[in-house]
Amino acid sequence: MGISEETVVAVILVGGPTKGTRFRPLSLNIPKPLFPLAGQPMVHHPISACRRIPNLAHIYLIGFYEEREFAIYVSSISNELRIPVRYLKEDRPHGSAGGLYNFRDLIMEENPSHIFLLNCDVCCSFPLPEMLEAHKRYGGVGTLLVIKVNPELASEFGELVADPVTNELLHYTEKPETFVSDRINCGVYVFTPDIFTAIQGVSTQRKDRANLRRMSSFEALQSATRSLPSDFVRLDQDILSPLAGKKQLFTYETMDFWEQIKTPAMSLKCSALYLAQFRLTSPHLLASGDGTKSATIIGDVYIHPSAKVHPTAKIGPNVSISANARIGPGVRLINCIILDGVEVKENGVVIHAIVGWKSSIGKWSRVQAGGDHNAKLGITILGEAVNVEDEVVVVNSIVLPNKTLNVSVQEEIIL
Ligand code: GDD
């Protein structure tokens with residue numbers, strides 16, 4: 001087999017501004033895929049995992065955000081990886097498979113033998129080379145990354161049944177109401193180019209049905225609300241479900257960590273997972289706290305080189321401090337994300353919280369929460385440019401941008 005036949009491309013689905021609404025108020029300021037986890041944009045983690053794919057020719061991000069929102073990141077990461085990374089903008093949402101199909105000519109330009117497709121909003125160790133090897137052994141159209149989860153949580157995802165010996169995907173149901181299986185779809189796939197034929201098949205079927213409906217006005221009335229545009233194709237419902245049990249799709253189970261990132265609370269949890277992974281993959285990114293002049297560091301902590309942290313501050317575990325933040329004397333930070341330009345003044349405390357860009361936390365103030373990732377107000381979130389005055393306590397609350405708090409609040413959403 002020639003080298004050109006082995007070329008691989010990776011596609012990362014980043015969605016758009018009408019998706020990710022559960023990520024508010026943070027998504028008011030930044031596209032969710034660029035929100036920093038462990039100090040790096042969310043999309044950076046799957047992108048850097050792609051570096052391990054042999055013969056990777058190109059990485060495409062497909063979404064319906066404005067191109068300019070990704071321009072700076074895309075050009076800096078292309079230079080850093082020395083692999084072309086390109087953002088492709090859909091004029092409107094086409095669904096997870098429709099988005100891929102929309103750019104099929106471009107994706108096929110390098111004549112890839114395999115195409116990785118990754119959801120941007122999942123956090124895992126992305127065992128991509130291992131998946132590719134397994135996929136080649138199986139010989140199907142596609143291989144999905146799967147994981148075993150707590151059965152009570154399985155219905156939030158695509159549930160599936162696979163053959164325990166051959167790993168063939170036998171049955172697939174997207175977010176079913178009744179329990180099917182505790183094995184779920186992780187949103188990480190590798191396909192051969194035949195996937196485009198499968199997507200085209202769904203699209204053509206839709207067109208045919210729409211034409212039939214046009215002929216029958218009664219049926220048109222009945223199904224008008226159910227019909228989707230022919231070029232809107234969902235990977236899960238429209239492709240995985242019908243192809244299951246046809247010896248075309250296979251599964252690769254990960255025993256490592258996996259989470260989905262739909263809410264700010266989950267981004268805090270995933271930031272911890274990625275910091276822990278840095279211990280193994282990029283320990284140089286973690287703060288060491290060595291030397292008498294540096295702050296006390298506990299566990300996994302990321303501090304941007306431009307941030308200023310007072311030597312008497314105590315930081316960690318699971319803390320990420322972004323560019324130009326200033327952390328004053330006696331400050332205590334635990335399980336939090338401190339975004340660009342934030343100031344935490346002397347003896348301030350931040351626990352189980354995300355502090356938005358350019359916010360300020362006054363002397364002896366506390367911004368904290370119980371830390372339950374699944375509760376509505378389980379972490380405290382301050383939007384951009386929130387000013388918490390001295391000696392104010394903010395507990396289990398969400399504060400929208402540009403507010404000043406001069407009294408303490410608990411369990412509140414401040415609009
Ligand atoms: N470009 C583009 N265009 N991206 C899209 C579109 C679209 O029209 N629609 C969704 N996406 C992206 C989202 O940004 C996300 O990265 C991914 O596709 C999947 O999003 P959804 O279709 O909203 O599905 P989900 O996240 O609720 O669930 C999917 O992922 C789970 C794993 O995280 C399903 O495939 C589940 O089965 C799976 O368990």
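Residues numbered from 1 in each chain as written. Predicted model: local features only at pLDDT ≥ 70, side-chain atom pairs only at ≥ 80, totals over all residues. Heavy atoms only, no water.

K.L.:
Could you give me a rundown of helix 5 (residues 128-138), with the residues and numbers involved?
P.N.:
Looking at helix 5, one finds that the buried residues are L128, P129, M131, L132, A134, H135 and Y138. Residues of helix 5 that are buried make contact with strand 1 (8-15), helix 1 (44-50), strand 6 (114-119), strand 8 (142-148), strand 11 (183-191) and strand 12 (249-253). Count one or two residues on from helix 5 and you reach G139, which has phi positive near 80°. (Buried < 20%, exposed > 50% of the residue type's maximum accessible area, 1.4 Å probe, protein only. Helix = DSSP H or I, 4+ residues; strand = E, 2+ residues; numbered from the N terminus. Contact = heavy atoms within 4.5 Å.)

K.L.:
Tell me about the domain arrangement of the protein, and please be specific about residues and values.
P.N.:
Looking at the assigned domains, one finds that the protein contains domain 1 (3-262) and domain 2 (284-414). At the junction of the two partners, domain 1 supplies 10 residues and domain 2 supplies 13 residues. Summing both sides of the interface, domain 1 and domain 2 together bury roughly 970 Å²; the carbon and sulfur share of this comes to 76%. Broken down residue by residue, the surface that domain 1 buries against domain 2 is led by P25, L26 and N29, which jointly contribute 47%. Across the side of domain 1 that touches domain 2, the residue classes break down as seven nonpolar, three polar and no charged. (Domains from an automatic or database assignment. Buried area = accessible area lost by both parts, 1.4 Å probe. Nonpolar A, V, L, I, M, F, W, Y, C, P; charged D, E, K, R; others polar.)

K.L.:
Please set out the pattern of salt bridges residue by residue, giving values where relevant.
P.N.:
Counting across every chain of the model gives 16 salt bridges. K32 serves as the salt-bridge partner of D121, at 3.3 Å between the closest nitrogen and oxygen. On the criterion of sequence distance, the pair formed by D121 in the loop between strand 6 and strand 7 (122-124) and K32 in the loop between strand 1 and strand 2 (36-37) is long-range, its members being 89 residues apart. Summarising the burial analysis for this pair, D121 and K32 share the class buried. Classification of D121 as buried rests on a relative accessible area of 11%. Because the salt bridges share partners, they merge into one network encompassing K148, D182, R183 and E253. (Salt bridge = Lys/Arg side-chain N within 4 Å of Asp/Glu carboxyl O.)

K.L.:
For the site of the ligand, give the residues involved together with the corresponding values.
P.N.:
With respect to spatial proximity, 29 residues lie near the ligand, and among them E90, G95, E174, N185 and K262 are the closest. Interatomic distance of 3.2 Å between a backbone N/O atom of L13 and an oxygen atom of the ligand. Contact between the ligand and N119: an oxygen atom at 3.1 Å from a side-chain N or O atom of the residue. For the ligand, the protein covers 91% of the area, taking 730 Å² as the surface of the free molecule. Only strand 1, strand 4 (56-63), helix 3 (95-102), strand 10 (169-174), strand 11 and strand 13 (258-260) provide two or more residues apiece to the shell around the ligand. Counting residues per element, the shell around the ligand draws most heavily on strand 11, at four residues. Residue classes in the shell around the ligand are distributed as 12 nonpolar, 10 polar and seven charged. (Near = heavy atom within 4 Å. Polar contact = N/O pair within 3.5 Å; in protein donor to acceptor, adjacent residues only side chain to side chain. Areas by Shrake-Rupley, 256 points an atom, 1.4 Å probe, with all protein chains shown as cover.)

K.L.:
So, the environment of F179: which residues are in play, and what are the values?
P.N.:
As for its position among the elements, F179 is in the loop between strand 10 and strand 11. With a relative accessible area of 52%, F179 lands in the exposed category. For the pair formed by F179 and A154, sequence separation is 25 residues and the distance between their alpha carbons is 7.7 Å. If we skip the residues at most four places from it in the chain, F179 touches P151, A154 and E159.

K.L.:
Account for helix 9 (residues 264-281), with residues named and values stated.
P.N.:
Between the first and last C-alpha of helix 9 there are 25 Å, a value that for 18 residues agrees with the 26 Å anticipated at 1.5 Å per step. For helix 9, the full list of buried residues reads P264, A265, M266, S267, L268, C270, S271, Y274, L275, Q277 and F278. (Expected span 1.5 Å × (residues − 1).)

K.L.:
Run through a negative patch on the surface, naming residues and quoting values.
P.N.:
Side chains of E346, E389, D390 and E391 sit close together on the surface and give a patch of like negative charge. Within the fold, E389 resides in the loop between strand 26 (387-388) and strand 27 (393-395). (Patch = residues over 30% accessible without salt bridge, like charges linked within 9 Å, V, L, I, M, F, W, Y side chains within 5 Å. Lys, Arg positive; Asp, Glu negative; His and termini not counted. Charge placed at Lys NZ, Arg CZ, Asp CG, Glu CD.)

K.L.:
Outline the nonpolar core, supporting the account with residue identities and numerical values.
P.N.:
Membership of the largest hydrophobic core comes to 68 residues, with the highest contact counts inside it found for F35, I47, I59, L61, F116 and L128. Element by element, the count of residues in this core is highest for helix 9, at seven residues. No fewer than three residues from each of domain 1 (3-262) and domain 2 (284-414) sit in this core. In terms of nonpolar packing, the next biggest core, distinct from the first, is built from 33 residues, I195, I199, V202 and L243 among them. (Core = buried A, V, L, I, M, F, W, Y, C linked by side-chain atoms within 4.5 Å.)

K.L.:
Requested: an account of the packing of aromatic side chains, with residues and values cited.
P.N.:
For the coordinates displayed, the defined rule picks out nine aromatic pairs. Relative to W258, the ring of F157 has its centre 5.3 Å away and its plane inclined at 75°; by these criteria the two rings are edge-to-face. Residue F157 is found in the loop between strand 8 and strand 9 (158-162), and its partner W258 is found in strand 13; the two are separated by 101 residues along the sequence. Both residues of the pair, F157 and W258, count as buried. Between the aromatic rings of Y189 and F191, the centroid separation amounts to 5.6 Å while the plane-to-plane angle is 15°, which identifies the pairing as stacked. When its relative accessible area of 0% is taken as the criterion, F191 is described as buried. In this structure an aromatic cluster arises from ring pairing among F23, F35 and W357. We note R104 situated over the ring of Y101; from NZ or CZ to the ring centre the distance is 3.9 Å. (Phe/Tyr/Trp six-rings, centres within 6.5 Å; stacked < 30°, edge-to-face > 60°. Lys NZ or Arg CZ within 6 Å of the ring centre and 35° of its normal.)

K.L.:
Lay out the pairing of strand 1 with the relevant residues and their values.
P.N.:
The element strand 1 is largely enclosed, with a buried count of eight among its eight residues. Side chains of strand 1 alternate between two faces, with V8, A10, I12 and V14 and V9, V11, L13 and G15 buried alike. Looking at chain direction, strand 1 and strand 6 are connected through six bridges and run parallel. Opposite V11, over in strand 6, you have L117 as the bridge partner. Bridge count between strand 1 and strand 4: seven bridges; the pairing is parallel. Bridging from a neighbouring strand, I12 pairs with L61 of strand 4. (Pairing = 2+ DSSP bridges.)

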